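Residue-level structural notes
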Amino acid sequence: MTFIAGTGIAAVALLGSFGDALELVKSTSEAIRRRSGHEEPPPATPVVAADSERPAARQPVLPPVEFIGRYEDLAMLMGALRNPLIPLITLKGVGGIGKTALAQEAMRVAAAEGLFSSIFWHSTPAEKFVGEGVLRTEVADYSFDALVNDLLHHSQVPSSTDAPTAVKAEIVRAWLADHRVLIVLDNLETVPDRDALVAGLFEILGQSKALMTSRYAVIHQRVFTMNLEGLSPQDGVAFLVRTGQLQNNRNLMKADADTLARIRDAAGGAPLAMLLISGQMDYEPIEQVLRVVEEAGFNDLSYEFYSFMFRRTWKELDGPARKVLVAMRLFEGNPTAGAVKYTADMADQEFYRAAAMLVRRSMLSLVGGQDERYTLHPLTRYFISTDVASRWE
Ligand SMILES: Nc1ncnc2c1ncn2[C@@H]1O[C@H](COP(=O)(O)OP(=O)(O)OP(=O)(O)O)[C@@H](O)[C@H]1O
Ligand SMILES: [Mg+2]
């Protein structure tokens, strides 16, 4: 990981308003506590339950992605998914490069083509919720036993989760022998014993297939690894043009081709980095944003880069926008506008103005569909939880 000296100082200086941030977390949580005695139940369930109280086999509600470019990667991945000689596939790449988005797109194509009888998706969370606080762990305690339980749940074969792992694994193996399932394991890098988990899965896989996303390599002799790089210059510019429209970010929409190419290059084509850079155009000339990024001297998409960009954006958010972000972190999945507004205890106008600002600044995405729903990227959620919330005792 490359981290140029001096950047840390800049990042710490940006945290001047941390006291305010912590107050905000505190007051939002207190508002929720106060409102918990309210007769009317909140419109959606904030994630405040301890881990042990959460159902074992939650399937995430994935926000739909309007997938752009990466035609060659997608073609290669679909080829691997169709190839009976390839049982395990890893999409490997740095944070925010687009691993999950590509896996989602492949899942969509595979479903449309009827390549599998069913699709199982598990995203390992990078953080644990304990009581009302959030405890970030570098690793998540997802194990082979937990995967077997989730697959059993997915298979709907009646069984007991209390049975020994070997017994349950045998039931799953027998089921997978008759069913061609696409098993997607997202964020595998957070699993401590991932190689053992993959080895165990391989033994019971039958004619099914595992697709994994990970920042690190998965070690297995039968794994086919695709190293994801950033979007090509052409795809990167197309992504930025579409982002400007979706976010209603006027400064991004007005940017000329040369500026868009510079943003793509500064981000190394990583979609998440492009989103964070272009989001700052909402309140600052792009020249200034690019100069700051260049002066910070990041030459890879390290944790420090994302942290630096997140803090920079956070510093320029007003109180209502911060309040919406902090409330968002309490939800799992994609809450409706009404649920977030209720949780943040905000009036309509204030809420929608704040949410629109967050969307333009790439802190929040609006998920299309019948009802308005919002979604946080896992990295944004992580930064709110660690950089903002976790320091509040
Ligand atoms: N080809 C693409 N077209 C449209 N949007 C994309 C594309 N690739 C990535 N994105 C968007 O960019 C953001 C980052 O991508 P994604 O979450 O897939 O990265 P990741 O590599 O899985 O990151 P992490 O390591 O944090 O899990 C997401 O909002 C995603 O929807
Ligand atoms: Mg991901």
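Residues numbered from 1 in each chain as written. Chains lettered and ligands numbered in written order. Predicted model: local features only at pLDDT ≥ 70, side-chain atom pairs only at ≥ 80, totals over all residues.

Remarks on the overall build of the protein chain
Condition: Here a helix means four or more residues in a row that DSSP labels H or I, a strand means two or more in a row labelled E, and each is numbered from the N terminus. The exposure scheme places C-beta atoms from the backbone and then counts, for each residue, the other C-beta atoms within 10 Å of its own, assigning buried at 20 or more, exposed at 12 or fewer, and partly exposed in between. By the criterion used throughout, residues are in contact when their C-beta atoms, derived from the backbone, lie within 7 Å.
Tallying secondary structure elements over the protein chain gives 17 helices and nine strands in all. Sorting the 393 residues of the protein chain into buried and exposed places 41% on the buried side. Of the contacts formed within the protein chain by residues at least 6 apart in sequence, a portion of 79% connects residues at least 24 apart.

Some words on the nonpolar core
To be explicit about the condition: Each nonpolar core consists of buried Ala, Val, Leu, Ile, Met, Phe, Trp, Tyr and Cys residues. Their C-beta atoms, within 7 Å, join them into a set.
Ranked by size, the top nonpolar core spans 91 residues in total, and within it M274, V324 and M328 carry the most contacts. With near-sequence residues (within four places) excluded, M328 lies in contact with V340, L364, Y374 and L376.

Focus on unusual backbone geometry
Not every positive phi belongs to a glycine, and Q156 is a case in point at roughly 65°. Under the C-beta neighbour-count criterion, Q156 is labelled exposed, with 8 such atoms within 10 Å. A positive phi angle, close to 60°, is found at S362, a residue other than glycine. The topology assignment puts S362 in the loop between α16 (348–360) and β8 (365–367). Take S362: there are 25 C-beta atoms within 10 Å of it, and that puts it in the buried class.

As for the sheet that holds strand β2 (residues 118–123)
Applied cut-off: Should DSSP find at least two bridges between two strands, the strands are regarded as paired. Here an angle of 0 to 180 degrees is reported between the N-to-C directions of two axes, which are lines fitted to C-alpha atoms, with helices fitted over the stretch in contact.
Taking strand neighbours across the sheet as the criterion, the five strands line up as β2-β5-β6-β1-β7 in an open arrangement whose pairing is parallel. One side of each edge strand has no neighbouring strand; the edge strands of this open sheet are β2 and β7 (223–227). Taking the axes of each pair of neighbouring strands and ignoring which way they run, one obtains an average angle of 15° across the sheet. Across six bridges, β2 lies against strand β5 (residues 181–186) in parallel orientation. Note on β5: the bridge partner recorded for W121 is V184. Along the sheet, helix α4 (residues 99–113) contacts β1 (88–92), β2, β5 and β6 (209–214); its crossing angle with β5, the most-contacted strand, is approximately 165°.

What about the site of ligand 1?
Heads up, the condition is: Being near a molecule or strand means, for a residue, that its C-beta atom, positioned from the backbone, comes within 6 Å of it. Polar here means any residue outside two lists: the nonpolar Ala, Val, Leu, Ile, Met, Phe, Trp, Tyr, Cys and Pro, and the charged Asp, Glu, Lys and Arg; Gly therefore counts as polar. Residue ranges for the domains trace back to a domain assignment, done automatically or taken from a database.
Neighbouring residues of ligand 1: 23 residues in total, closest G98, K99, T100, A101 and P271. Of all the elements in the fold, those that place two or more residues in the shell around ligand 1 are α4, α11 (271–279) and α17 (378–389). Considering every element that reaches the shell around ligand 1, the biggest residue donor is α4, with three residues. Residues that form the shell around ligand 1 fall into these classes: ten nonpolar, nine polar and four charged. Counting only domains with at least three residues in the shell around ligand 1, you end up with domain 1 (7–47 + 232–389) and domain 2 (70–227).

Quick word on α11
Judged by how many residues are buried, α11 sits mostly within the fold: nine of nine residues are covered. Of all the positions in α11, only P271, L272, A273, M274, L275, L276, I277, S278 and G279 are classed as buried.

Digging into helix α8 (residues 233–247)
To keep it simple, the criterion reads: Between the first and last residue of a helix there are one fewer steps than residues, each counted as 1.5 Å, and that sum is the expected span. Taken from the helix axis, the directions to the C-beta atoms give the arc we talk about.
Taking 1.5 Å per residue, 15 residues should reach 21 Å; α8 reaches 21 Å between its end C-alpha atoms and fits that length. By the burial criterion, the buried members of α8 are G236, V237, F239, L240, T243, G244 and Q247. Buried residues along α8 cover an arc of 155° about the axis, so they all sit on one side. Among the exposed residues of α8, those pointing more than 90 degrees away from its buried face are Q234, R242 and Q245.

Structural notes on the environment of R361
Tracing the sequence through the fold places R361 in the loop between α16 and β8. Sequence spacing of R361 and S278 is 83 residues, and the spatial spacing of their C-alpha atoms is 7.5 Å. Setting aside residues no more than four positions away along its own chain, R361 makes contact with G279, D282 and T313.

Topic: the environment of F308
Take F308: it is sitting in helix α13 (residues 303–315). For the pair F308 and F298, spaced ten residues apart in sequence, the C-alpha to C-alpha distance is 9.9 Å.

Observations regarding the environment of S232
By the element assignment, S232 lies in the loop between β7 and α8. Look at S232 and you get partly exposed, because 15 C-beta atoms sit within 10 Å. Separated by 33 residues in the primary sequence, S232 and D265 place their C-alpha atoms 9.4 Å from one another. Setting aside its immediate chain neighbours within four residues, S232 contacts G69 and G269.

Here's the deal with the pairing of β6
Of all six residues making up β6, six are buried, and the element is well covered by its neighbours. Residues K209, L211 and T213 point to one face of β6 and A210, M212 and S214 to the other, with burial holding for every one of them. Both β1 and β6 contribute to a ladder of five bridges, which runs parallel. Note on β6: the bridge partner recorded for I89 is L211.

So, the packing of helix α10 (residues 257–266) against α11
As a reminder, the rule being used: For classification purposes, an angle smaller than 35 degrees is called roughly parallel, one larger than 145 roughly antiparallel, one from 65 to 115 roughly perpendicular, and anything else oblique. Put simply, a crossing is left-handed when the front helix is turned counterclockwise from the back one by less than a right angle, and right-handed when it is turned clockwise.
Interaxial distance between α10 and α11 falls to 8 Å at its minimum, and their mutual angle equals 130°. Classed by the angle they form, the pair α10 and α11 counts as oblique. Two packed elements cross with a definite hand, and for α10 against α11 that hand is right-handed. Between α10 and α11, the contacting residues are I263, R264 and A266 on the first element and M274, I277 and S278 on the second.

Topic: the confidence of the model for the protein chain
Selection criterion: The pLDDT value tells you how sure the predictor is about a given residue, anywhere from 0 up to 100.
On average, residues of the protein chain score 81 in pLDDT, and 79% of them are at 70 or above. A low-confidence stretch, residues 1–22 stays under pLDDT 50, and its non-local contacts, those more than four residues away or across chains, total 25 contacts.

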